[in-house]
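Here are the chains, one letter per residue:
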Amino acid sequence: MSTTWRNWAGTESATGVETLRPSSVDEVAAMVKTAAEQGKQLKAVGSGHSFTGCSVPEQVAVRLDGLSSITSADASSGRVTLGAGTGLAKLNAGLASFDLAMANLGDIDKQTISGAISTGTHGTGAKLGGIATQIVGLELVTADGSVLHCSADENQDVFNAARVSVGALGVITSLTLQTVPAFLLRAQEMPLPLGEVLGGFDELADGNDHFEFYWFPHTDVALTKRNNRVGPGIGASPVGRVRGWVDDELLSNRVFEWTNRLSVRRPGLVPRINQLASRALSAREYVDSSYKVFCSERNVVFRESEYAVPREHVVEVVRQLRSWIERSGERLPFPIEVRVAAADDIWLSTAYGRDTGYIAIHQYHRLAHDKYFDAFEQIVGAFGGRPHWGKLHTLEAADFRERYPRFDDFLAVRDRLDPRRTFANPYTRQVFGA
């Protein structure tokens, strides 16, 4: 069946694509082998939440909806195996039924698990890695139709490469997670002066299980979010239904959409709008299941660029970015998000080999973003910044070779598994070369 594919943000699309929907690993293997023999390019597509073209299918799209359930769960070890097409929202609910949870998550749950790890999706936590660090095994269908089982003990080089692979090595069909017992988080949200947050950044990051902040350009205010595990005997006390609807739906989505539309018509009002929004922020505290605290609804469409820099440079990057915004005359209604993560050993992880800080910038989809994003890329480039694989950037293979010590090792695995580039598309040719 020929269809049109689009991503969530509307930045990428493909028409005339043959769409396949396998319901088993054997079917995936047969479809991949057939496409390769016919010289067709094939891509597994998830929920389309990447802003880049990483999952754009050129000829054949494989949808893994038929592989979207938990197939085994061992509560004693915390090992859970599931189909690669499982959405994070479904996964979180499924784990909760076994009294298990992911140790860390990002701030939305719309992605599939395989799409999330393949692009290096992460949450925040100075002692915690991205979602891919929670993978202890995976099953990969390669271009010749072979099914590789990969872990730290089996096909280790492929395991090191495939956990963050931008879909360039094959189709992931199954994943095994190392989960943890389900836990509650106490969420503390409060606005603070930006100077205070930057001055105490290391203490805030190290003193909380999970810490992040959002800074509203044209203001001196940041919204801080501290999430910490609760002690024994403390139960859930979630946000009330009315307060939750007002904060998370009305203000964060409906009113925010309206203020962004106003920004398109009256850009000169943006500083005033941001100042009003920052003054409207109020502190709140609640306790709830971890995945309900981690994930929130994001319905306003935007463009995003996010870079990972060595954690010791985060504050300087934010200060340089703020200085550029003040000089540039740009009007930016979206906040800037700052998070942290521990170093890991996954070859193409943005946190490979270094404790990491993440700075994410956004722009409303009806406003121009090129000047802002280009300036940001120049600033973070001076600190060896690595872009999120699923968020907007302009880097090419030569840039990545300089910023990833194991980049050529990854390419060697790719050459071995996919010599004819069955899984290539314009984005992989940009970031990995032909």
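Here the structure is a predicted model, which means the values were calculated and not measured.

Participant: Looking at this structure, I do not really get the packing of helix α10 (residues 314-328) against helix α11 (residues 370-381). What am I missing?
Facilitator: When two helices pack together, their arrangement is given by the angle between the helix axes and by the axis-to-axis distance. Taken N-terminus to C-terminus, the directions of α10 and α11 make an angle of 145°; their axes are 10 Å apart at the nearest point. As α10 runs across α11, the sense of the crossing is right-handed. Contact residues: Val 317, Gln 320, Leu 321, Trp 324, Ile 325 and Ser 328 in α10; Lys 371, Tyr 372, Ala 375, Phe 376, Ile 379 and Val 380 in α11. Class assignment of the residues belonging to the contact of α10 with α11 gives a composition of nine nonpolar, two polar and one charged.

Participant: Got a minute to help me understand the sheet that holds strand β19 (residues 386-387) in this structure?
Facilitator: Sheet strands line up and pair through hydrogen bonds in the backbone, either parallel or antiparallel. Taken in spatial order, the eight strands of this open sheet run β15-β12-β14-β13-β17-β18-β16-β19, and their pairing is antiparallel. For this open sheet the edge positions go to β15 (284-289) and β19, each flanked by a neighbour on one side alone. Lying on the sheet, α10 is in contact with β13 (210-215), β16 (302-310), β17 (336-341) and β18 (356-364); it crosses β18 at an angle near 25°.

Participant: Would you take a moment to explain the packing of aromatic side chains for this structure?
Facilitator: Ring pairs (aromatic) are described by centroid distance and by the angle formed between their planes. All chains considered together, the criterion is met by 18 aromatic pairs. Between Phe 201 and Phe 213 the ring centres are 6.3 Å apart and the planes differ by 80°, which places this aromatic pair in the edge-to-face class. Of this pair, Phe 201 sits in helix α6 (residues 201-206) while Phe 213 sits in strand β13, and the two are 12 residues apart along the sequence. In this pair, the class of Phe 201 matches that of Phe 213, namely buried. Relative to Phe 400, the ring of Trp 389 has its centre 4.6 Å away and its plane inclined at 25°; by these criteria the two rings are stacked. Remark: Phe 400 occurs in helix α12 (residues 397-403) and Trp 389 occurs in the loop between β19 and α12; sequence separation between them is 11 residues.

Participant: I keep staring at the pairing of β16 and nothing clicks. Help me out?
Facilitator: In regular strands, side chains alternate between the two faces of the sheet. Burial of β16 is extensive: nine of the nine residues sit out of reach of the surface. Bridging between β16 and β18 involves nine bridges; their strand directions are antiparallel. Of the residues in β18, the one forming a bridge with Val 309 is Gly 357. With two bridges joining them, β16 and β19 adopt antiparallel strand pairing. From the neighbouring strand, Ala 308 faces β19, where its bridge partner is Arg 386.

Participant: Would you explain the nonpolar core in this entry?
Facilitator: As a rule of thumb, nonpolar side chains are buried together in soluble globular proteins. Ranked by size, the top nonpolar core spans 113 residues in total, and within it Ile 113, Phe 213, Ile 359, Trp 389 and Phe 432 carry the most contacts. By residue number, the principal contributor to this core is α10, which donates seven residues. Residues Trp 5, Ala 14, Val 45 and Val 56 belong to the second largest nonpolar core, which totals six residues.

Participant: Please explain the side chain of Asp 344 as it appears in this structure.
Facilitator: Relative to the helices and strands, Asp 344 resides in the loop between β17 and β18. Despite being buried, Asp 344 has no salt bridge partner; Arg 386 is the closest side chain of opposite charge, sitting 7.0 Å away. Here Ser 349 takes part through its side chain, which lies 2.6 Å from a polar atom of the side chain of Asp 344. For Asp 344, the residues in contact, after removing those within four places along its chain, are Thr 133, Ser 349, Ala 351, Tyr 352 and Gly 353.

Participant: I would appreciate a short explanation of the sheet that holds strand β10 (residues 171-178) in the present structure.
Facilitator: The five strands lie next to each other as β5-β6-β10-β8-β9, forming an open sheet whose pairing is antiparallel. The sheet is open, and its two edges are formed by β5 (70-74) and β9 (147-151), each paired on a single side. When strand polarity is set aside, the average angle formed by the axes of neighbouring strands in this sheet is 10°. Judged from the six bridges that link them, strand β8 (residues 135-141) and β10 form a sheet pairing that is antiparallel. Residue pairing across strands places Gly 137 opposite Thr 176, the latter belonging to β10.

Participant: Help me understand helix α1 (residues 25-37) in this model?
Facilitator: Count 3.6 residues to each turn of an α-helix, and residues three or four apart come out pointing the same way. For α1, spanning 13 residues, the distance from its first C-alpha to its last is 18 Å, which sits close to the expected 18 Å at 1.5 Å a residue. Regarding α1, the residues found buried are Val 28, Ala 29, Val 32, Ala 35 and Ala 36. All buried residues of α1 fall inside an arc of 135° around its axis, so they share one side. For α1, the exposed residues set more than 90 degrees away from the buried face come down to Asp 26 and Glu 37. Of the surrounding secondary structure, the elements contacted by the buried residues of α1 are β3 (42-45), β8, β9 and β10. Gly 39 lies just past α1 and shows a positive phi near 75°.

Participant: Looking at this structure, how should I read unusual backbone geometry?
Facilitator: A negative phi angle is the norm for most residues apart from glycine, just as the trans form is the norm for most peptide bonds. Phi angles above zero are rare outside glycine, and Asn 155 is one such case at about 50°. Checked against the element boundaries, Asn 155 lands in the loop between β9 and α4 (156-162).

Reading the values: the criteria
Residues numbered from 1 in each chain as written. Predicted model: local features only at pLDDT ≥ 70, side-chain atom pairs only at ≥ 80, totals over all residues. Heavy atoms only, no water. Axes fitted to C-alpha atoms, helices over the stretch in contact; angles between N-to-C directions. Helix = DSSP H or I, 4+ residues; strand = E, 2+ residues; numbered from the N terminus. Left-handed = near helix turned anticlockwise from the far one by under 90°. Contact = heavy atoms within 4.5 Å. Nonpolar A, V, L, I, M, F, W, Y, C, P; charged D, E, K, R; others polar. Pairing = 2+ DSSP bridges. Phe/Tyr/Trp six-rings, centres within 6.5 Å; stacked < 30°, edge-to-face > 60°. Buried < 20%, exposed > 50% of the residue type's maximum accessible area, 1.4 Å probe, protein only. Core = buried A, V, L, I, M, F, W, Y, C linked by side-chain atoms within 4.5 Å. Lys, Arg positive; Asp, Glu negative; His and termini not counted. Salt bridge = Lys/Arg side-chain N within 4 Å of Asp/Glu carboxyl O. Polar contact = N/O pair within 3.5 Å; in protein donor to acceptor, adjacent residues only side chain to side chain. Expected span 1.5 Å × (residues − 1). Arc of directions from axis to C-beta.

Functional significance is not addressed by these values, which are geometric in nature.
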